[in-house]
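Remarks on the overall topology
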Amino acid sequence: MTTAVKEQKKKESLHPFLPLIIMVILVAISTHFIPAGEFERTEINGRTIVEQGSFQYVESNPTSISDFFQSFYYGFERGAGAMALIVFIGGTFGVLRKSGLLDLGVQGLTEKLKDKGIGVLALAVMTVIAINSGFTGMRELDMIFIMLLIPIMLKLGYDSMTALGIVLIGSAAGFAPAVANPFFTGIAHQIAELPIYSAIAYRGMITIVFLFTGLWYVTRYAKKVKKDPSLSLVADEEINFDASEHENSLEVQTMTPRLKAAGIAFLLLFALMIMGTLKFGFGFPQISGVFVAKTVIVGYIAGFNTNKICQAFLEGAQHVLGMVLIILFARSILVVLEDAMVIDTIIHNLSYLIMGTSKNLSAIMIYVVQTIINVVVPSGSGQAMITMPIIIPLADMGEITRQVACLASQLGDGITNYLYPTNGILMGVLAASGISWSKWAKFFLPLFAFWTVLAGVFIVIAQTIELGPF
């Protein structure tokens, strides 16, 4: 075996599907050892509630080889709603990217503010990034932001770590609280039978706190580096970034009146979607419908013909296919657990960890468990699919509100996505910036530790006030 082949194998990263497929296999095997059981469930005010003390063992129904292979089909079938929504979101952003609106919007913002000082520039850009990650969950757009921001930061006398901090910390500030993120919040609320995006004000408050603490952290570092470049964490690293090449690619297109009109149409439809979820109870079908409307209306206003809209939609949908398949595999795990009737047995045994402890401690434990699970399942939507059907009954038995259970879960998932090297999007952004994971971890760890504690405080407060509606 040649050295080149050895190096290639050494650098080959673990595919995100593999841990999930392994989990399906292990769960299928476990159904031959875990006894089947079930709780009695009743419906109260539209919610399915597990009746405490009603658990009983039933006849075993372990997963057969045929059941195992069919579980992937049924995982697709039962997770179709969430998967369809993600396809429509991906298609819409495909049209936005093809039109140039995303690149030109961020470029225009940073160019206008670059002479206003690092505080104003960082606040504006981080706010835009936080809104994107908090409301759409499309962290892939961080790749665009980092490519646009690095050359500007270098020109202003800062370093590439400053640009990386603005992008990733801004993204984390929105993604962790997940104000209206369809990938975690939407799926978790659907499973928990909560009104989708309920308690948005509380998550919005967390976002603001995260955003401004993150802003202080980044600007403090940036000012030190500008004053003394030797303090840069990347001073000894070559920046693998061709700024001129990317800038030249943007000069081909300008923000025309037509593109401005398309951008305004997108924002109006985005506002309609948020208002619809808050005021009119929009679910996945209605939210998907709004994204389809965005695709068509924005595409036509931007000057696309029908053929070009279809092509851009297809490219965008292909971009999120990996997320769709992660949901498929995650839902397949639940299919195996549910059909073998062992999921209630797992809930019954885990309930002993919840019952008899304080509500605050139980809520914190949900948070801790999600941070651990995120190592092997770095997809928020995948985690929501796997864990929420187990966590929600446990929350009910432990008298933790379902809203708090969802909040603890999404915070546990969200913050660690910006530290764990198993997260593909994080590693992609680091590769684009030319900064190693170890350097990023050295920069981010103090803020990560602070945010981790802060998230715990917000969870305890939420449980103390019994954040709801239930």
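Structure report, in brief. Residue positions are given per chain, counted from 1 along the sequence in the order it is written. Local features are withheld for residues below a pLDDT of 70 in this predicted model, meaning they are given only at 70 or higher, and side-chain atom pairs are given and counted only at 80 or more; totals for whole chains, interfaces and linings count all residues. Values reported for side chains reflect all heavy atoms of the structure, with hydrogen atoms and water molecules removed beforehand.

**What about the overall build of the protein?**
Runs of E in the DSSP output that reach at least two residues are strands. Runs of H or I that reach at least four are helices, and both are numbered from the N terminus. Helices and strands together make up the secondary structure of the protein, namely 21 helices and 4 strands. Three exposure classes are used, based on accessible area relative to the maximum for each residue type with a 1.4 Å probe and protein chains only: buried under 20%, partly exposed in between, and exposed over 50%. The buried share among the 470 residues of the protein stands at 54%. Taking the intrachain contacts of the protein between residues at least 6 apart in sequence as the baseline, contacts between residues at least 24 apart amount to 80%. Accessible area of the protein: about 20400 Å², with a carbon and sulfur share of 65%. By the convention used here, residues are in contact when the closest approach between their heavy atoms is within 4.5 Å. Per-residue and other accessible areas follow the Shrake-Rupley method at a 1.4 Å probe size, with only the shown protein chains counted as cover for residues.

**A look at helix H8 (residues 160-175)**
Between the first and last residue of a helix there are one fewer steps than residues, each counted as 1.5 Å, and that sum is the expected span. For H8, spanning 16 residues, the distance from its first C-alpha to its last is 22 Å, which sits close to the expected 22 Å at 1.5 Å a residue. Of all 16 residues in H8, 16 are buried, a share of seventy percent or more.

**Quick look at the side chain of asparagine 417**
In this fold, asparagine 417 is placed in the loop between helix H19 (402-416) and helix H20 (424-433). Residue classification places asparagine 417 among the buried residues on the basis of a relative accessible area of 2%. Reaching out from asparagine 417, the side chain makes a polar contact with the backbone oxygen of aspartate 413 at a distance of 3.1 Å. The term polar contact refers here to a pair of N or O atoms within 3.5 Å; inside protein, the definition further demands a hydrogen-donor-capable atom paired with an acceptor-capable atom, and it admits residues adjacent in sequence only when both atoms are side-chain atoms.

**A few points about the environment of isoleucine 166**
Within the secondary structure layout, isoleucine 166 lies in helix H8. As for isoleucine 166 and tyrosine 217, which are separated by 51 residues in sequence, their C-alpha atoms are 9.6 Å apart. Those residues in contact with isoleucine 166, other than ones at most four positions away along the chain, are Ile118, Ala122, Val125, Met126, Ile129, Leu149, Met153 and Val218.

**Observations concerning the nonpolar core**
Core analysis: the largest hydrophobic core is formed by 146 residues, its most contacted members being Met153, Ile169, Phe210, Trp440 and Trp451. The greatest single-element share of this core, amounting to 12 residues, is contributed by helix H21 (residues 437-464). Residues in contact with phenylalanine 210, not counting those within four places in the same chain, are Ala173, Ala176, Pro177, Ile415, Trp451, Leu454, Ala455 and Phe458. Here the nonpolar core consists of buried residues drawn from Ala, Val, Leu, Ile, Met, Phe, Trp, Tyr and Cys, with membership extended through side-chain atoms lying within 4.5 Å.

**Quick word on the packing of aromatic side chains**
Ring pairs are drawn from Phe, Tyr and Trp, using the six-membered ring of Trp, whenever the two centres fall within 6.5 Å, and their geometry is named by plane angle: stacked under 30 degrees, edge-to-face over 60, tilted for the rest. Tallied over the entire structure, the rule returns 18 aromatic pairs. With a centroid separation of 5.1 Å and 75° between ring planes, the pair formed by tyrosine 221 and phenylalanine 443 is classed as edge-to-face. On the criterion of sequence distance, the pair formed by tyrosine 221 in helix H10 (residues 200-227) and phenylalanine 443 in helix H21 is long-range, its members being 222 residues apart. Using a relative accessible area of 9% as the deciding quantity, one classes tyrosine 221 as buried. Their ring planes at 35° and their centres at 5.6 Å tell us that tryptophan 440 and phenylalanine 443 sit as a pair that is tilted. Remark: phenylalanine 443 and tryptophan 440 occur in helix H21; sequence separation between them is 3 residues, near one turn of the helix. For the residue pair tryptophan 440 and phenylalanine 443, the accessibility class agrees, reading buried in each case. Three or more aromatic residues joined by ring pairs make a cluster, and in this case those are Phe210, Tyr217, Tyr221, Trp440, Phe443, Phe444, Phe448 and Trp451.

**Section: helix H12 (residues 257-279)**
The terminal C-alpha atoms of H12 lie 32 Å apart, and with 23 residues this matches the ideal 33 Å at 1.5 Å per residue to within 8%. Every buried residue of H12 is accounted for by Leu259, Ala262, Gly263, Ala265, Phe266, Leu269, Phe270, Met273, Ile274, Gly276 and Thr277.

**Points about empty space enclosed by the protein**
Points on a 1 Å grid, built from protein atoms alone, make a cavity when a 1.4 Å probe fits but cannot get out and make a pocket when they are open with protein on both sides within 12 Å along at least 5 of 7 lines; residues with an atom within 4 Å of a point are the lining residues. Grid points are joined across faces, edges and corners, and a volume is the space filled by probe spheres set on the points. Taken as a whole, this structure holds 1 cavity of 30 Å³ or more when the rule is applied. Within this model, the largest cavity holds a volume of roughly 30 Å³. Forming the boundary of the largest cavity are His189, Ala199, Arg203, Gln403, Cys406, Leu407, Gln410 and Leu467. Among the elements that take part in the lining of the largest cavity, H19 stands out by supplying 4 residues, more than any other. When residues are grouped by polarity, Ala, Val, Leu, Ile, Met, Phe, Trp, Tyr, Cys and Pro land in nonpolar, Asp, Glu, Lys and Arg in charged, and all others, Gly among them, in polar. Grouping the amino acids of the lining of the largest cavity by side-chain chemistry returns 4 nonpolar, 3 polar and 1 charged.

**Brief notes about the packing of helix H6 (residues 118-135) against helix H7 (residues 142-155)**
Inter-axis angles, ranging from 0 to 180 degrees, are taken between N-to-C directions of lines fitted to C-alpha atoms, where helices are fitted over the stretch in contact. For the pair H6 and H7, interaxial distance at closest approach is 12 Å and the crossing angle is 170°. One way to sum up the angle between H6 and H7 is to call them roughly antiparallel. Together, Ile118, Leu121, Val125, Val128 and Ile129 of H6 and Asp142, Phe145, Leu149, Ile152 and Met153 of H7 make up the contact between the two elements. Note that the term roughly parallel is reserved for angles under 35 degrees, roughly antiparallel for angles over 145, roughly perpendicular for angles of 65 to 115, and oblique for everything else.

**Examining the pattern of salt bridges**
Any Lys or Arg side-chain nitrogen found within 4 Å of a carboxyl oxygen on Asp or Glu counts as a salt bridge. Applying the stated criterion across every chain yields a total of 7 salt bridges. Across the pair glutamate 338 and arginine 78 runs a salt bridge whose closest N-O atoms are separated by 3.3 Å. A residue pair is termed long-range when its members are at least 10 positions apart, and glutamate 338 in helix H15 (residues 321-339) and arginine 78 in helix H3 (residues 65-78) qualify at 260 residues. By relative accessible area, glutamate 338 is classed as partly exposed at 28%. In this structure, the salt-bridge partner of arginine 331 is glutamate 338, at a minimum N-O distance of 3.6 Å. Several salt bridges converge on common partners, so that one network encompasses Arg78, Arg331, Glu338 and Asp339.

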